[in-house]
Amino acid sequence: MKPKTLEEACTALTVALVDCLEVLGLARDEPQPTTRLYTYDDLAQMLGKSKSTVREWVRAGKFGEPVTVGNSTRVTQAGVDKFIADHSGPVKKQPSKARTRTSRTVAAHQGQPLGI
């Protein structure tokens with residue numbers, strides 16, 4: 001339904017704007033999602049490393065900026081995600097160092113023909 005006058009149009013626009021601002025105001029009052037904080041023990045268990053190794057990595061900044069809670073240091077979920085992203089990816093396959101029978105034979109004959 002179209003407003004018939006400019007005044008009705010302005011009133012309808014004002015009502016819509018007030019409704020929109022109320023919705024945005026309610027969105028700001030909602031509690032923010034809590035961020036998971038990890039202790040050194042949590043990280044050591046997750047990563048299969050010692051607590052002292054994890055402590056060194058946190059001090060070196062491998063988990064981003066840590067959070068201090070009272071006298072203890074914690075790592076955020078974002079820091080853990082950063083660490084995993086920095087330390088994961090395709091694995092480079094290293095050539096085998098095992099000596100094969102052929103390489104042992106060639107080495108034993110020092111490149112001389114085998115007489116076959």
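*Asks:* How should I be thinking about helix α4 (residues 77-86) in this particular structure?
*Replies:* Residues lying three or four places apart along an α-helix face the same way, a consequence of the helix completing one turn every 3.6 residues. Buried within α4 we find G79, V80 and F83. Buried positions in α4, seen along its axis, are confined to an arc of 100° and lie on one side of it. Away from the buried face of α4 by more than 90 degrees, exposed residues A78 and A85 are located.

*Asks:* Whenever I open this one, the sheet that holds strand β2 (residues 67-69) confuses me. Can you help?
*Replies:* Sheets are built from strands that pair by backbone hydrogen bonding, the pairs being arranged parallel or antiparallel. Reading across the sheet, the 3 strands line up as β1-β3-β2 and stay open at both edges, with antiparallel pairing between neighbours. The strands lining the two open edges of the sheet, one partner per strand, are β1 (37-38) and β2. In terms of strand pairing, β1 meets strand β3 (residues 72-76) through 2 bridges, oriented antiparallel. Across the sheet, L37 pairs through a bridge with T76, a residue of β3. Strand contacts of α4: β1 and β3, with the helix running at about 60° to β3, the strand carrying the most contacts.

The rules behind each value
Residues numbered from 1 in each chain as written. Predicted model: local features only at pLDDT ≥ 70, side-chain atom pairs only at ≥ 80, totals over all residues. Heavy atoms only, no water. Buried < 20%, exposed > 50% of the residue type's maximum accessible area, 1.4 Å probe, protein only. Helix = DSSP H or I, 4+ residues; strand = E, 2+ residues; numbered from the N terminus. Arc of directions from axis to C-beta. Pairing = 2+ DSSP bridges. Contact = heavy atoms within 4.5 Å. Axes fitted to C-alpha atoms, helices over the stretch in contact; angles between N-to-C directions.

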